[in-house]
Amino acid sequence: RRKWRTVVEILKELEDDCDTPVARLRQVVDAMAVEMHAGLASEGGSKLKMLLTFVHVLPTGREKGTYYALHLGGTYFRILRVHLGAQRSYLDVQDVERHPIPSHLMNSTSEVLFNFLAFSLERFIEKEENGSISQGVKRELAFTFSFPVKHTSISSGVLIKWTKGFEISEMVGKDIAECLQGALDRRGLNMHVAALVNDTVGALSLGYYHDPDTVVAVVFGTGSNACYLERTDAIIKCQGLLTTSGSMVVNMEWGNFWSSHLPRTSYDIDLDAESSNSNDMGFEKMISGMYLGDIVRRVILRMSQESDVFGPTTSVLSDPYVLSTNSVSAMHEDDTPELQEVARVLKDLGVSDVPLKVRKLVVKICDVVTRRAGRLAAAGIAGILKKIGRDGSGGITSGRSRSEIQMQKRTVVAVEGGLYMNYVMFREYMEEALVEILGEEVSQYVVVKAMEDGSSIGSALLVASLQS
Ligand code: ADP
């Protein structure tokens, strides 16, 4: 069998196929803006669903009281309580609990899932009250739900489809808030599901609470999604939509974005074909935490099959999702001279004693896959900015200089999610590419702000703003 040369060729092919020069990113930017228009023009007009959220006012900082949030993400669920004192600086986030979602729940039944969530909430409140729950108090709860929902109001909406490996088919079409409320009532918990909030909308709410220039929010966690504040008259598919503010937050469901300009490899094609939601969520599968590790795994697997640089092929390497994105970042950011972290991760995959140059090669694979992800993520953000005229490209009229009109307004993009928060290289590639796309001048007006736990905290703030 050929060895090193084969592996180098596979790497070269990967690099070529993942290439994202700025010209290509700009094509993705344009495609994103075009698809946004199409998704707003008609129902089913685009792979981007551009869902109404019925959120048209965002928290201002004047909210007060105690509110709860329960967040069902892709990997974790979180419960927290916020206490608000009618001034922006009086935001007290208390008792943040974060647990992995037990994997058996992901393909159980709606009853099992919601009973589990209600049980977890009950335990949370018991702890807060030192064991006994006083029934006299009615607690207002935000349900942050990181899956696509067709809303009929801010507090109700039906599940459109599952993503990120969840497969409880009887839940599709059911009202999610009602399911949770039912489970809480069955447990006798005096809690009211006051809003059903997409995680991106939660992040936007927290961003806006701290800084009213926040108009876009993006999540890079297990999955990926974005939302932004849109003028109601631009939401053509919903004529006559009136809100007091003249705008509404639109949940893009951008994970399902697709464009022929996206650099796709054979590994992406195979990953998609073998996933539980093939032909779906194409963008998410290139940029989010659930999938980056598996793309890297597929490259290593192919190398190990076509050469012997990884020693005898092991069976674990062919198990889908055995290599997590957490391990990818650990290898990528390994700064030990001997790449001991890489050696450790490979050993866990059943690949021992590979020479240093092979470990370096693995780091390179991580870099290529994550760089592509970060740069495409940036193109997605720039696409939103383009759609809302904040990318510096639009509106140049005669008589006014480009710089006079160009930036216009400071724009804050709230970003949240474990991938962005913890994987420094992903974050750096994303931010670097955003500057490349927008140019130095426009970039000065675009502020990317990290929102730790923004999805849940922001959702609680949103519920608070509904009460006041
Ligand atoms: P969820 O998506 O469940 O709401 P998070 O936003 O916290 O939860 O995202 C969790 C995901 O983020 C993990 O599944 C993983 O893919 C990614 N992630 C978290 N930490 C890291 C890390 N250190 N390196 C790379 N990816 C990470």
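You'll find the structure just up there.
Treat the numbers as computed from the prediction; the structure is a model and nothing was measured.

Undergrad: How do you make sense of the side chain of histidine 71 when you look at a structure like this?
TA: Within the secondary structure, histidine 71 is located in strand S2 (residues 64-72). With relative accessibility at 5%, the residue histidine 71 sits in the buried group. At a separation of 2.7 Å, a polar atom in the side chain of histidine 71 contacts the side chain of serine 146. Aside from chain neighbours lying at most four places away, what touches histidine 71 is Tyr76, Phe77, Arg78, Thr144, Ser146, Asp199, Ser455 and Ser456.

Undergrad: Please explain the sheet that holds strand S9 (residues 214-220) as it appears in this structure.
TA: Backbone-to-backbone hydrogen bonds pair the strands of a sheet. The strands run either parallel or antiparallel. Read from one edge of the open sheet, 6 strands run S1-S11-S10-S9-S12-S13, paired in mixed fashion. What marks the edges here is a single partner per strand, and that holds for strand S1 (51-52) and strand S13 (446-450). Bridge analysis of S9 against strand S10 (residues 224-231) gives 5 bridges, and the strand direction is antiparallel. Bridge pairing in S10 places valine 219 opposite asparagine 225. The sheet contacts of helix H11 (residues 356-387) involve S9, S10, strand S12 (411-416) and S13, and relative to S9 the element is tilted by about 155 degrees.

Undergrad: I'm lost on the site of the ligand in this one. Help?
TA: Near the ligand, the surroundings consist of 17 residues, among which Thr75, Tyr76, Arg78, Thr222 and Ser329 are the closest. Taking threonine 75, its main chain carries an N or O atom lying 2.7 Å from an oxygen atom of the ligand. Between an oxygen atom of the ligand and a main-chain N or O atom of leucine 419, the distance comes to 3.3 Å. Alone, the ligand offers 570 Å² of accessible surface; in the complex the protein occludes 88% of this. Among the secondary structure elements, those contributing two or more residues to the shell around the ligand are strand S3 (76-85), helix H9 (325-332) and helix H13 (418-422). Partitioning the shell around the ligand into residue classes produces 3 nonpolar, 13 polar and 1 charged.

Undergrad: Help me out: how do you make sense of the sheet that holds strand S5 (residues 139-145) in this one?
TA: On the basis of which strands lie adjacent, the open sheet formed by 5 strands has the order S4-S3-S2-S5-S8 and mixed pairing. Across the chains shown, the open sheet's two edge strands, defined by having one partner strand only, are strand S4 (91-100) and strand S8 (191-197). Ignoring strand direction, the axes of neighbouring strands in this sheet form an average angle of 20 degrees. In the sheet, S5 pairs with S8 via 6 bridges, with the strands oriented parallel. Counterpart to alanine 142 in the pairing with S8 is alanine 195. Each of S2, S3, S4, S5 and S8 touches helix H3 (residues 110-128); the most contacted strand, S3, lies at about 40 degrees to it. Across the sheet, helix H4 (residues 176-186) is in contact with S2, S5 and S8; its angle to S8 comes to roughly 160 degrees.

Undergrad: It is not clear to me how the packing of aromatic side chains should be interpreted in this structure. Could you clarify?
TA: Working definition: an aromatic ring pair is given by the centre-to-centre distance plus the angle between the planes. With the rule as written, the count across this model stands at 15 aromatic pairs. With a centroid separation of 6.4 Å and 85 degrees between ring planes, the pair formed by tyrosine 68 and phenylalanine 124 is classed as edge-to-face. Of this pair, tyrosine 68 sits in strand S2 while phenylalanine 124 is found in helix H3, placing the two residues 56 residues apart along the sequence. When its relative accessible area of 3% is taken as the criterion, tyrosine 68 is described as buried. Lying over the aromatic face of tyrosine 76, arginine 98 brings its terminal NZ or CZ to 3.9 Å of the ring centre. Geometry around phenylalanine 147 places lysine 164 over its ring, the cationic atom sitting 4.5 Å from the centre.

Thresholds applied
- Residues numbered from 1 in each chain as written.
- Predicted model: local features only at pLDDT ≥ 70, side-chain atom pairs only at ≥ 80, totals over all residues.
- Heavy atoms only, no water.
- Helix = DSSP H or I, 4+ residues; strand = E, 2+ residues; numbered from the N terminus.
- Buried < 20%, exposed > 50% of the residue type's maximum accessible area, 1.4 Å probe, protein only.
- Polar contact = N/O pair within 3.5 Å; in protein donor to acceptor, adjacent residues only side chain to side chain.
- Contact = heavy atoms within 4.5 Å.
- Pairing = 2+ DSSP bridges.
- Axes fitted to C-alpha atoms, helices over the stretch in contact; angles between N-to-C directions.
- Near = heavy atom within 4 Å.
- Areas by Shrake-Rupley, 256 points an atom, 1.4 Å probe, with all protein chains shown as cover.
- Nonpolar A, V, L, I, M, F, W, Y, C, P; charged D, E, K, R; others polar.
- Phe/Tyr/Trp six-rings, centres within 6.5 Å; stacked < 30°, edge-to-face > 60°.
- Lys NZ or Arg CZ within 6 Å of the ring centre and 35° of its normal.

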